[in-house]
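Chain by chain, the residues:
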Amino acid sequence: MPVVRCARRATVPRDCRDSCGPNAVEQKGHSALGASRSTRTCDMHEGQVARIVGFSLMVALLQKISVTIKGTGIRSPRPTRCAPTRSESPVRCDGRTLERGRGQKQMLFMRGSLRWRSRLQRRESMPASRQRSTRRTNFCWSFLLTPGSIWLTPQTLPAAMASVPVPTTPPHWKYPPLPTTSSPVTMLSLPPSPSPATPSMLDLLNHRTLAAQRRFLLLNALPILLLLLGLKSARVFKRAQLEGVLGALDLFKSELLFGLGFALIGVALLGLARSPRIRTISHFALGVVAALVAAVEIVAHHFYMSTGSTLDASLLMFSLNNFDETWNVVSSEVPVWTLGGLIVAVIFFLLGPALLSRGKVLEPAPEERLPSGAMLAGSVCLIALACTPPLAEPYAPFARTSVVNLGMSALDLNADDDVVVEARPDLSKASLVQSPPPETGRPKHVALIVLESTRARSTSVYNPELATTPFLAELAEKSLVAERAHAVVPHTSKALVATLCGIEPRLNMPITESYPGALPARCLAALLGEQGYATGFFQSATEHFEGRRQLIDNMGYDYFLPVNEMETRGFEKANYFGYEDDIMLKPSRAWLSEQKHRPTFLTYLTLTPHHDYLAPERYGHHDFEPDEELNDYHNTIRYVDHFVANVMAQYKELGLYDDTLFVIVGDHGEGFGEHGRRQHDNVIYEEGLHIPMMLYSPALPELAGRVQPPVSQVDLLPTIASLLGFDLDADYPGFDLREAPVERSIFSHCWYERRCMASIRGDDKYIHHFGAQPDERFDLGRDPLEATSVLTRHDDNAARERELHTWRASVNAWHERHSLQLLDGKILDAMPPVEHEVNVTLGEFARIRGYALSTDALRPGRKATITYVFEALKPIPEGWLLFVHGNGPHKTKNLDHVPVNGLYPLHRWKPGQFIVDEQIFHVPRDWRDGEFNLRLGIYHPEEGRVDVSGDVPITDDKRATLFTVPVRR
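Residues numbered from 1 in each chain as written. Predicted model: local features only at pLDDT ≥ 70, side-chain atom pairs only at ≥ 80, totals over all residues. Heavy atoms only, no water.

(A) Just the overall build of the protein chain, in detail. Summing up its helical and strand segments, the protein chain has 23 helices and 40 strands in all. Residue burial in the protein chain is summarised as follows: out of 969 residues, 54% are buried. Nonlocal contacts in the protein chain, meaning residues at least 24 apart in sequence, comprise 73% of its contacts between residues at least 6 apart. Roughly 43400 Å² of accessible area belongs to the protein chain as shown, and the carbon and sulfur atoms make up 56% of that amount. (Helix = DSSP H or I, 4+ residues; strand = E, 2+ residues; numbered from the N terminus. Buried < 20%, exposed > 50% of the residue type's maximum accessible area, 1.4 Å probe, protein only. Contact = heavy atoms within 4.5 Å. Areas by Shrake-Rupley, 256 points an atom, 1.4 Å probe, with all protein chains shown as cover.)

Okay, structure coming up:
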């Protein structure tokens, strides 16, 4: 029968005495310290041994869990305190090991109990008579014994339990640690256990990592990896294109490599940090990085799910630079769960580790750490591999994780190829010339209706099987219809430039065309205004988006009325930008009634078909499609069909119908995932570019017909001018639709920079993707839906790509050259003559030397030109801005701007220069009579305003009151 030896002194602790029983036999032995001692032996039943062994194995698993949890910073149980002893003899007893020794840290497992216990209260709470007996209190930590185990000490423990680390000595213990050597003493007479197995990865992490590293892995690196994989899975599921296991690995390769690389970076940095303070700072910095990564991933994920396009650096910078406009869209369009998830993720990664790590972790640095330098180098390699192109996926931005794609697109922003730039003519002084009178009459009025987000295939004119636009379909029978009209840029502000000015807009994201004087050509409104036309522009959208009022002013319109100045009662919201289009009928009727004695050019910009397709119920709701979103969109197309009919009915009621040329044209199309992309900004396929275009005039019945060759929005200006009886004295890039060449190339460009552009020559369409995915080529005659690319069947692909790059570079160079011309006469070396001289010092940076105002009194609804003359005194660091406040009778107008048409910010000013800055101010129509005060200064977003002094009134908040003029209605 197995024997358990129970070493004891004269008084054995009750737990041991109860287990050994009265049959214990006293023997002589030696302790681990070599001291002589008395021992007793007692017989144990085999069942007791089996129970002890089984119980020990069961609790061993619990001990592993306990150690793992302890390593994450969660509080460990308090150590057990052993009863005081005066003997050096060890006690070995029935599954419990207790070595009694003066001032030594003991190890005790209390059989039958899974909780930690203390046999002694704090000395401070005891009577003085008992405190003397507790001075040698020995603290004990629980360890589990396995079959064939040896006496547990810091040296023998790894051999007994390789996966359980030795607990450290808490700092409040007064006594020295166990001796560095001890003799093993057999506890149970059982067969020895086999040699320990190879440690697992979890065991390795427990032994060779710091608690801060484990917290980072569990609370930062692992959640980031799961977030990346989860969001990517949702995008892959939505796209529904996955080719086997290798295809899945290719799609998830970037997320896996980036997540592992981020984990290695964090572990390496925390391992290199030697002090707790530096380690805490490093952990917080890693949390900030994790929060940024999570924010980018969530934003990019929602953007892809909404548009089918990936987020890139140019779009992100544009959104941040125009944050007010972006926020209006985001707050209206982004669902609450997305915003909530974004906030929760950021808070978790910033504050989660701190909130979940309460108290101090009582563990020393491991004797053997993971190699931080090697891990740092490995992390760099992993992240570099995450940036590599996919092996099989053609759309590289989709395959890369969003944060990696953002960085890669930032490096590619200025990577334009060297191409030949073709010269463009100067159109800034173009004008109309009266052509010989025709045999038949000419229209006297022009009504141009721009259909927002209306694609050709969703109208009955181009798709007779779809009954969305019955009125337009009937009108097309007596109109000039362009069968294959295309948008230049599928974005409204850019498309307006092409449609109303007859030129390509600048092929970048910022709406630079809304800067004062930024258009390099005279637009149709300005050209007709010279011929005595009254010009007006109405839109059912807000003016506070992309500088719409200034853009329309640059085009030369006399009158601009956005939805902000219309009566909205009784009208439904069309989307987050404004109201249904019928809201424009009443104010346009009033304007036309006032201008009946003059020829008119009136432009309507509709809004109803724009995302998010609320489909007002004014004209009912029809079932066109089983897909709910597409059906709502088709109902918005049905709505604008009614609106066009209402406009024509209004012209009939005013007696203007027979003398009017009606022009109906789309600004761009709309995608619904036909090629994986949605909405319009990045849709270079026919659903995004092919637009309706038709012209109708009751006075010109011979105009009816169909234009078969591909045409562009830039062809409208010369066509309208010709139909009105005018010739252009300058070489605009467009053609009269009736004379459109068959073999010319029609060009289009995505709104996103360096993402996609296309050229169409006859039925041959070539699409260039700037390396984001393979280029594509389609035969639109045989494949109008662009289902199959025929790129490999042609040998002139390189020439078509060069043609596109030449067009893009030439257009942008033309706009850039015009912008530089705007600086002529604005940056001077001497003080220019000025109407009103002043001397106002703006800190140590600059002085205001004078101003001029184009009127003696401001009139509500009209505009005034303000001219400032500044003198630069010292170089101005980047970040300082000019602010201008127009304090009217009952409200303030913000007139902040970048000087010289946005081309000469303060940090470019050089000492000694005189800067002439002109600003056009539109006086709000609702201003009452009173006074207008113009106040200005220089400020920094973080440092505030500079001190102002001079010979004009200065306000307490550091603003110079440059002038005061009356406001008179």
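Now that the structure is up, let's keep going.
(B) Quick look at the nonpolar core. Counting residues in each nonpolar core, the largest one holds 52 residues, and the members touching the most others are M555, F601, L695 and I720. Tallying contributions element by element places helix α22 (residues 716-723) first for this core, with five residues. Contacts of L695, omitting those with residues within four sequence positions, involve S479, L480, L661, F662, V663, L703, L716, T719, I720, L723 and L737. Counting 42 residues, the second largest nonpolar core, distinct from the first, contains L822, L906, V923 and L962. (Core = buried A, V, L, I, M, F, W, Y, C linked by side-chain atoms within 4.5 Å.)

(C) Quick look at the environment of I383. By secondary structure assignment, the location of I383 is in helix α12 (residues 372-386). When the C-alpha atoms of I383 and G259 are compared, they prove to be 8.4 Å apart, with 124 residues separating the residues in sequence. Beyond its immediate chain neighbours, meaning those up to four positions away, I383 contacts F258, G261, F262 and I265.

(D) Main features of the sheet that holds strand β21 (residues 690-691). An order of β21-β12-β24 is seen for the three strands of this open sheet, with the pairing classed as mixed. Each end of this open sheet is capped by a strand with a single partner; those strands are β21 and β24 (711-712). Pairing analysis gives two bridges linking strand β12 (residues 485-486) to β24, with the strands arranged parallel. In the sheet register, H486 faces β24, and the bridge partner there is S712. (Pairing = 2+ DSSP bridges.)

(E) Just the state of the cysteines, in detail. Enumeration according to the criterion identifies two disulfides in this entry. Between C501 and C523 runs a disulfide, and the two sulfur atoms are separated by 1.9 Å. Across the disulfide from C501 to C523, rotation about the S-S bond amounts to roughly 80°, and the bridge is consequently right-handed. Of this pair, C501 sits in helix α16 (residues 492-501) while C523 sits in the loop between α16 and α17 (524-530), and the two are 22 residues apart along the sequence. Comparing C501 with C523 shows no difference in burial state: the two are buried. (Disulfide = S-S within 2.5 Å.)

(F) Broad picture of the environment of A758. Along the chain, the position of A758 falls in strand β27 (residues 757-761). The class of A758 is buried, set by a relative accessible area of 1%. Between the C-alpha atoms of A758 and F747, which are 11 residues apart in sequence, the distance is 5.8 Å. Among all residues touching A758, those that are not within four sequence positions of it are I684, I746, F747, S748, K765, Y766, I767 and L804.

(G) Local environment of the confidence of the model for the protein chain. Mean pLDDT over the protein chain works out to 79, with 75% of the residues at or above the 70 mark. This stretch, residues 1-45, has a pLDDT under 50; its non-local contacts, to residues over four places away or in other chains, come to 108 contacts. Note that pLDDT drops below 50 for residues 130-158; the model gives that stretch 106 contacts with residues more than four away or on any other chain. (pLDDT = per-residue confidence, 0-100.)

(H) Looking closely at the packing of α16 against helix α18 (residues 548-555). Contact geometry for α16 and α18: axes closest at 11 Å, N-to-C directions at 10°. Taken as axis vectors, α16 and α18 run roughly parallel relative to one another. Between α16 and α18 lies a crossing whose hand is right-handed. Residues T492, S493, L496, V497, L500 and C501 of α16 touch α18, and the partners they reach there are R548, L551 and M555. Of the residues contributing to the contact of α16 with α18, the split by class is six nonpolar, two polar and one charged. (Axes fitted to C-alpha atoms, helices over the stretch in contact; angles between N-to-C directions. Parallel < 35°, antiparallel > 145°, perpendicular 65-115°, else oblique. Left-handed = near helix turned anticlockwise from the far one by under 90°. Nonpolar A, V, L, I, M, F, W, Y, C, P; charged D, E, K, R; others polar.)

(I) Broad picture of the sheet that holds strand β14 (residues 559-561). Spatially, β14-β13-β17-β10-β18-β22-β11-β23 is the arrangement adopted by the eight strands of the open sheet, whose pairing is mixed. Sheet topology places β14 and β23 (705-707) at the edges, where each strand pairs with a single neighbour. Mean inter-strand twist for the sheet, computed between neighbouring axes without regard to direction, equals 15°. Bridge count for strand β10 (residues 445-451) against strand β18 (residues 660-666) is seven bridges, and the pairing is parallel. Of the residues in β18, the one forming a bridge with V450 is V665. Most of the contacts of α16 go to strand β17 (residues 600-605), to which it runs at about 155°, and overall it touches β10, β13 (534-539), β17 and β18. Lying on the sheet, helix α20 (residues 628-653) is in contact with β10, β17, β18 and β22 (693-696); it crosses β10 at an angle near 170°.

(J) Inspection of a nonpolar patch on the surface at higher detail. A surface patch of nonpolar side chains, amounting to about 280 Å² of accessible area, comprises L218, L222 and L226. Owing to a relative accessible area of 52%, L226 belongs among the exposed residues under this scheme. (Patch = residues over 30% accessible without salt bridge, like charges linked within 9 Å, V, L, I, M, F, W, Y side chains within 5 Å. Salt bridge = Lys/Arg side-chain N within 4 Å of Asp/Glu carboxyl O.)

(K) Local environment of the side chain of H283. If you trace the backbone, H283 turns up in helix α8 (residues 276-307). When its relative accessible area of 10% is taken as the criterion, H283 is described as buried. A polar contact of 3.2 Å, which involves the side chain of H283, links it to the side chain of N220. (Polar contact = N/O pair within 3.5 Å; in protein donor to acceptor, adjacent residues only side chain to side chain.)

(L) Region of the structure containing the UniProt feature "transmembrane region" (unreviewed entry) in the protein chain. Within the UniProt annotation, "transmembrane region" (unreviewed entry) is assigned to residues 216-236, 256-272, 284-304, 334-352 and 373-392. For residues 334-352, helix accounts for 89% and strand for 0%, while the C-alpha atoms at its two ends are 26 Å apart. Helix makes up 70% of residues 373-392 and strand 0%, and the two end C-alpha atoms of the span are 33 Å apart. (UniProt positions renumbered as here; feature names shortened; annotations may be inferred.)

(M) Focus on the pairing of β13. Here β13 lies mainly inside the structure; six of its six residues are buried. Side-chain alternation along β13 places A534, G536 and F538 on one buried face and T535, F537 and Q539 on a second face that is also buried. Relative to β17, β13 is paired through six bridges, and the arrangement is parallel. When the sheet's bridge partners are listed, A534 is paired in β17 with T600. Relative to β14, β13 runs parallel, the two sharing three bridges. The residue of β14 that forms the bridge with F537 is F560. With α18 bridging β13 and the parallel β14, this β-α-β connection has right-handed handedness. (Right-handed = clockwise from strand over helix to strand, strands pointing away.)

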